[in-house]
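# Structural description and commentary
Residues per chain, in single letters:
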Amino acid sequence: MIRIFFFLVGFALLVIGLTFSILYLNLLTIGYNFSFYVNFIIRRIECWYSIIGIIIMLTIILKGEK
């Protein structure tokens, strides 16, 4: 049961992080270049949620295979 909870938490963080990354793509439409976008994404904690979510999900999945 606890594994399902952590998997869902990881999935929620992944969705939140990817949503903000897609929302911040609007910076490209107002004239910023791609290097500024990547630099901006790296510094935002909301976008790091996707990486944290992937790590949590992979940990739960790989731990279950043993």
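In case you missed it, the structure is sitting above this.
Read on for a plain summary of the structure. (Residues numbered from 1 in each chain as written. Predicted model: local features only at pLDDT ≥ 70, side-chain atom pairs only at ≥ 80, totals over all residues. Heavy atoms only, no water.)

Okay, the packing of helix 1 (residues 2–23) against helix 4 (residues 45–64) next. With their axes 7 Å apart at the nearest point, helix 1 and helix 4 run at an angle of 150° to one another. The orientation of helix 1 relative to helix 4 falls into the category roughly antiparallel. With respect to the hand of their crossing, helix 1 and helix 4 are arranged in left-handed fashion. Residues Arg3, Phe6, Phe7, Gly10, Phe11, Leu13, Leu14, Ile16, Gly17, Leu18, Phe20 and Ser21 of helix 1 pack against Glu46, Cys47, Tyr49, Ser50, Ile52, Gly53, Ile54, Ile56, Met57, Ile60, Ile61 and Gly64 of helix 4. (Axes fitted to C-alpha atoms, helices over the stretch in contact; angles between N-to-C directions. Helix = DSSP H or I, 4+ residues; strand = E, 2+ residues; numbered from the N terminus. Parallel < 35°, antiparallel > 145°, perpendicular 65-115°, else oblique. Left-handed = near helix turned anticlockwise from the far one by under 90°. Contact = heavy atoms within 4.5 Å.)

Here helix 1 contains 22 residues, and its C-alpha end-to-end distance of 32 Å stays within 8% of the 32 Å for a straight helix at 1.5 Å per residue. Within helix 1, the full set of buried residues consists of Gly10, Leu13, Leu14, Gly17 and Ser21. The buried residues of helix 1 all sit within an arc of 100° when viewed along its axis, so they share a single face. Exposed and facing more than 90 degrees away from the buried side of helix 1 are Ile4, Leu8 and Ile22. Each element contacted by the buried residues of helix 1 is listed here: helix 3 (34–43) and helix 4. (Expected span 1.5 Å × (residues − 1). Buried < 20%, exposed > 50% of the residue type's maximum accessible area, 1.4 Å probe, protein only. Arc of directions from axis to C-beta.)

Applying the stated rule across the entire model yields 6 aromatic pairs. Geometrically, the ring pair formed by Phe34 and Tyr37 is tilted, given 5.9 Å between the ring centres and 35° between the ring planes. Of the two residues, Phe34 and Tyr37 are both situated in helix 3; the distance of 3 residues between them amounts to about one turn of the helix. Phe34 sits in the exposed class, given a relative accessible area of 53%. Each member of the aromatic cluster is reached from another via a ring pair, and the members are Phe20, Tyr24, Tyr32, Phe36 and Phe40. (Phe/Tyr/Trp six-rings, centres within 6.5 Å; stacked < 30°, edge-to-face > 60°.)

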